[in-house]
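Analysis of the macromolecular model
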Amino acid sequence: MSTATTDGIRVTVEPTFWPERSTPESGQFAFMYKVEILNEGSAPAQLHARHWVITDAQGHIDEVKGEGVVGRQPKLGLGERFEYTSWAMLRTPFGTMRGTYEMVRPDGTRFEARIAEFALTLPHALH
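Residues numbered from 1 in each chain as written. Predicted model: local features only at pLDDT ≥ 70, side-chain atom pairs only at ≥ 80, totals over all residues. Heavy atoms only, no water.

Things to note about unusual backbone geometry
Residue D7 is not a glycine yet carries a positive backbone phi of 50°. Looking at the secondary structure, you find D7 in the loop between β1 (2–6) and β2 (9–17). Of note in this structure, V70 is not a glycine but carries a positive phi near 40°. Checked against the element boundaries, V70 lands in the loop between β5 (61–67) and β6 (75–76). Classification of V70 by relative accessible area gives partly exposed; the value is 48%. (Helix = DSSP H or I, 4+ residues; strand = E, 2+ residues; numbered from the N terminus. Buried < 20%, exposed > 50% of the residue type's maximum accessible area, 1.4 Å probe, protein only.)

Take a look at the structure:
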């Protein structure tokens, strides 16, 4: 699990292994992750874009960039939260993810809300 706060936007991520979508014998390890974005700041903000950096155990890096999350660009008023679940596929039984959300304030100010690095780990893969 990871948590980071940037300019009043707190991002918490909780990953889990997804055995039903994984085929380890083929080098496919699926991981779900639940994200909570909470506006603890003093001004509203809207999530416009995402940037993920996914690194497997062999150092292979995949980057994912795009508008919004799960087809949405949520607006967060003061104290409001947005939650969603997504997933990623690795070629190894463990790796990491980190990233940023591009946020925009009503006055047009843009900033990057940090998503702290978190581990994607097959249960019992690490001792």
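Observations regarding the side chain of T92
Relative to the helices and strands, T92 is located in the loop between β7 (81–90) and β8 (94–104). For T92, a relative accessible area of 5% corresponds to the buried category. A polar contact is formed between the side chain of T92 and the backbone nitrogen of A57, at a distance of 2.9 Å. A distance of 2.7 Å separates a polar atom in the side chain of T92 from the backbone oxygen of F94. Residues in contact with T92, not counting those within four places in the same chain, are F29, F31, D56, A57 and Q58. (Polar contact = N/O pair within 3.5 Å; in protein donor to acceptor, adjacent residues only side chain to side chain. Contact = heavy atoms within 4.5 Å.)

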